Structures are given as C-alpha cells and as structure tokens.
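These are the residues of each chain, in order.
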Amino acid sequence: MPGPQQPVEIREFPRPDLPSGAALLRTLRSEVCGTDVHLWHGRLAGVPYPIIPGHVSSGILESIRGPLKGLDGSTLAEGDRAVFFDVHRTCGECRACTVHRTPTRCPARRVYGITDSAGEGLFGGWSQYIYLEPGVGIARLPDSVSVDDYIGGGCGLLTAVHIRERAALRPGDSVLVQGVGAVGLCAIALCRLAGASTIFAVGDPMSRLALATHMGAEQVFELASTSAEERLQAVRERTHGEGVDVVIEAAGSARAIEEGVTLVRDGGRYVIAGHYTDVGPSTINAHQHINRKHLEIRGCWGSESRHFLEAIAILEAHGDVPWRDIGARTYPLASLNQALDDAEAMRITKALVDPWA
Ligand SMILES: [Zn+2]
Ligand SMILES: [Zn+2]
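Within every chain, residues take consecutive numbers counted from 1 along the sequence as written. Whichever chain is written first becomes A and whichever ligand is written first becomes 1, with later ones labelled in order. Per-residue local features are limited, in this predicted model, to residues with pLDDT of at least 70; the limit for side-chain atom pairs, both in listing and counting, is 80 or more; totals at the level of whole chains, interfaces and linings are taken over all residues. Computation of side-chain values covers all heavy atoms of the structure but excludes hydrogens and water.

Caption draft 1: Layout of the environment of Gly34. Tracing the sequence through the fold places Gly34 in helix H1 (residues 34-41). For the pair Gly34 and Ala182, spaced 148 residues apart in sequence, the C-alpha separation works out to 8.6 Å. Strands are runs of DSSP state E lasting at least two residues, helices are runs of H or I lasting at least four, and both sets are numbered from the N terminus onward.

Below, the structure written as structure tokens:
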C-alpha cells in the first residue's frame, strides 16, 4: 500500500536474514479488515507508508533460527502451522505497560500490517512470507482449526474476546450488539458461548444479519427498515420493560452511541469498540443517559496476547461456530484493490487474502 488513496501494488522484497530467535512464515491466509480500509483512505494517523498491510495472518513456519518457543509454551518446528499475535512490540516500561497494565495504550506499541514501513521488512500478511522478529508471540494452530476458521474469526475475534472481558458478561445476561461486521459477529458468537440469554443484533445488510443469526443472535434488526423507536420497543418487550444488561457497540457510527444508551437498562454496561477512527461526536444527555441511569460505559482498544491465546482455545473448542463464513471470498494479491472496494461497499463480510493464489 504505497500511500493513502493510492492503488495497492505488488512489489518484491529481498528474503530477510534471520537473527537468532526469528522465523520466516510462509503465508497461507491473511485478511482485509475494516482497519485496512481505513488505512487505504489515510484515516489513521502516523502510518509510515508504504506498508504491507495484513495484521492477523496464518501460515507455515518455513525457517526458524535457533530454538523457538510458542506463547503457549510449546517448542515450534519448521513445517508447523503457526499463527502469531500481531502486536509485536510494547515497551514494557511506560506507565501504560507497568502501572496501569493497559499495554494496548503503550505509545511504543507496534502492530504488524499497520505501524511498520515496508522498508523495514516483511511486517505484513499481504505477502507470501512474513518476517517474525525475535520476541513475536507465536502459537501453533491446533490441528482441528482450519486456516479459514482462524482468519474468518481473525482480528475481529481477538477484539471480541477483549470486548467480552470488558463487558464482564455473566451467564443469563441479555445483550444487544450494534454492528454486524467481523467484530460484531464474533461478539455475538462469544456472548452465546458465554451463556447470554437473549442476544439482539442491529445492522446492515440483511446477508450479514442472516449470519448474525447463525452466530447466535435471536432477534435482528435491519437498520434501514426499522426505526430507533421500533427497536427500543421490541427490545424492552423482551427484557421486562428495562432494556438489555449489556450493549456492545461495533458499528463505528456516532448515531449508534446515541441509540445504545437508550437500549441498555439502568445500571447496565455499555462497551464501545467500534470507534476505531474518529467519526465525530455523539450527543448524550449525561443526566438522563449516564448519571441517573447509573450506566457503566467502557472503551475497548486493541487486544493483548492473552486474548490471542483465548481466541485460539475458543476456535479449538467451538468448531461448530461458523467462523469461516465470516470470510466471504479469498483474493489473490493481484485483486486486493477489488477486495478493498468490496469490503468498503459491504458487498462481502470479510475478504481473505491468499498471496499464493
Ligand atoms: Zn509501554
Ligand atoms: Zn483488523
């Protein structure tokens, strides 16, 4: 990706020399996520274009220099199917890392596919090989998990694992998820697995809402054909007139926030995870919607290595969830401009990338 608003192009790079503790991953699948569309439009600050996008990816360990241990404690070998945690550096010394224990807010945080210039090496999954520098959190992909299930969940699943933690979800909680992209769909699946009672989903288009139902939503609302009043009434009818215990925002719309604070019950929780870029202010009446309502509002930014390992464990234990259906179509490198177009126009839920196709 040479720069914002420019077509993606294919370039060749030298094969990296591996220092001790590094590995080279032969990419099997990567993905085009909402972040990549934002990167393409230049909506994220401080990105060192040109970059090789693709943060969550999977592959086969082609070569390893020195003994290499996985985050899960296993010893990794050449030929293993492997995945890695895309956040490859945090400083471990700043106040975010040490005092507050919020490493996703470390100013030195570096993420594959986003924060590293292509000039620094193969730090992205839209590439036939990915350089895994020393210290990257690598894990073997369990035999029962296909690469299409892993990437179908992808970064949306990692985010959703963190969201569920932030939501402090309890069995029996009712949940409403705003937005049915990869994050929202994975959040629905995780809430179902965590024992939520009723799960509502709000979004567009109908094809994604159908998938939301497969992931575990009981009642879905198409944004285009229902009004906020209709949604509020329908939700209250099924929640003792109160609203849901937890609302999860994965829509990235300022209007969603204004609606979310009405759909959650008094004393409930609202996790905001969809505002990855600045879409402008939302209007909330602090008296009505927060203070008197005794509402708990929590942001959720990025994910940590424990969420990565939890995501793998969930994929291994719950192969019956149609994770792979989130990945609608697989594109070769030569078609990634089309993939970005399709993702932006919501013609597909998520585009997968096979750099060898
Ligand atoms: Zn730090
Ligand atoms: Zn992503």
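Caption draft 2: Region of interest: the pattern of salt bridges. The term salt bridge refers to a side-chain nitrogen of Lys or Arg lying within 4 Å of a carboxyl oxygen of Asp or Glu. Taken as a whole and judged by the stated rule, the model has 23 salt bridges. When the shortest N-O distance is used, the salt bridge between Glu31 and Lys350 registers 2.9 Å. Of this pair, Glu31 sits in strand E1 (residues 23-32) while Lys350 sits in strand E17 (residues 350-353), and the two are 319 residues apart along the sequence. Under the relative-accessibility criterion, Glu31 is labelled buried at 1%. Put simply, Asp245 and Arg265 hold a salt bridge, and the shortest N to O gap is 2.5 Å. The buried label goes to any residue with under 20% of its type's maximum accessible area, the exposed label to any with over 50%, and the partly exposed label to all in between, with areas taken from a 1.4 Å probe on protein chains only.

Caption draft 3: Structural detail: the layout of surface pockets. In this structure, the second largest pocket encloses a volume near 520 Å³. Lining residues are those with an atom within 4 Å of a point, where the points come from a 1 Å grid over the protein atoms alone and group into cavities, where a 1.4 Å probe fits but cannot get out, or pockets, open sets with protein on both sides within 12 Å along at least five of seven lines. Lining the second largest pocket are 23 residues, with Arg11, Glu12, Phe13, Trp126 and Ser127 positioned closest to its centre. Considering only residue class, the lining of the second largest pocket consists of 17 nonpolar, two polar and four charged. Grid points are joined across faces, edges and corners, and a volume is the space filled by probe spheres set on the points. Under the grouping applied here, Gly and all other residues not named as nonpolar or charged are polar, the nonpolar ones being Ala, Val, Leu, Ile, Met, Phe, Trp, Tyr, Cys and Pro and the charged ones Asp, Glu, Lys and Arg.

Caption draft 4: Structural view of helix H6 (residues 254-263). Of all 10 residues in H6, seven are buried, a share of seventy percent or more. Along H6, the positions that sit buried rather than exposed are Ala254, Ala256, Ile257, Glu259, Gly260, Val261 and Leu263. For this analysis, residues touch if any pair of their heavy atoms sits within 4.5 Å. Of the surrounding elements, those touching the buried residues of H6 are strand E10 (175-178), helix H5 (228-237), strand E13 (244-249), strand E14 (264-272) and helix H7 (286-291).

Caption draft 5: Representation of the coordination of the zinc ion (ligand 1). The donor set comprises N, O and S atoms within 2.8 Å of the metal, extended to 3.2 Å for Na, K and Ca; water molecules are omitted, so apparent gaps in a site may simply reflect that omission. Bound to the zinc ion (ligand 1) on the protein side are Cys91 (SG), Cys94 (SG), Cys97 (SG) and Cys106 (SG), at distances that span 2.3 to 2.4 Å. In short, tetrahedral needs four donors with all angles between 85 and 135 degrees, square planar needs four and octahedral six donors with opposite donors over 155 degrees apart and all other angles between 65 and 115, and whatever is left is irregular. With four donor atoms in place around the zinc ion (ligand 1) and angles of 104 to 119 degrees between them, the coordination shape is tetrahedral. Mapping the donors of the zinc ion (ligand 1) onto the primary sequence gives the spacing C-x2-C-x2-C-x8-C. Given the relative accessible area of 16%, Cys97 is considered buried.

Caption draft 6: Seen up close, the pairing of strand E16 (residues 327-331). Of the strand pairs in this sheet, E16 and E17 are connected by four bridges, and their pairing is parallel. Looking at E17, one finds that Thr330 is bridged to Leu352. Handedness is read with the strands pointing away from the viewer; a crossover is right-handed when the path from the first strand over the helix to the second is clockwise. Remark: the E16/helix H9 (residues 336-344)/E17 crossover connection has right-handed handedness. If DSSP finds at least two bridges between two strands, the strands pair.

Caption draft 7: Representation of the environment of Asp80 within the structure. Looking at the secondary structure, you find Asp80 in the loop between strand E4 (75-76) and strand E5 (81-84). On the basis of relative accessibility, which here comes to 16%, the residue Asp80 falls in the buried class. Taking the C-alpha atoms as reference points, Asp80 and Leu141, separated by 61 residues in sequence, lie 8.1 Å from one another. Apart from the residues lying within four places of it in its own chain, the contact partners of Asp80 are Gly59, Ile60, Leu61, Thr75 and Arg140.

Caption draft 8: Examining the sheet that holds strand E15 (residues 296-299) more closely. Reading across the sheet, the six strands line up as E12-E11-E10-E13-E14-E15 and stay open at both edges, with parallel pairing between neighbours. The two strands at the open ends of the sheet, each matched to only one other strand, are strand E12 (219-222) and E15. Taking the axes of each pair of neighbouring strands and ignoring which way they run, one obtains an average angle of 15 degrees across the sheet. By the bridge criterion, five bridges tie E13 to E14 in an arrangement that is parallel. In the sheet register, Glu249 faces E14, and the bridge partner there is Ile272. Helix axes are fitted only over the stretch in contact, all axes being lines through C-alpha atoms; the angle between N-to-C directions runs from 0 to 180 degrees. Contacts from H6 reach E10, E13 and E14, with the element oriented near 145 degrees to E14.

Bear in mind that shape data such as this cannot, by itself, settle questions of function.
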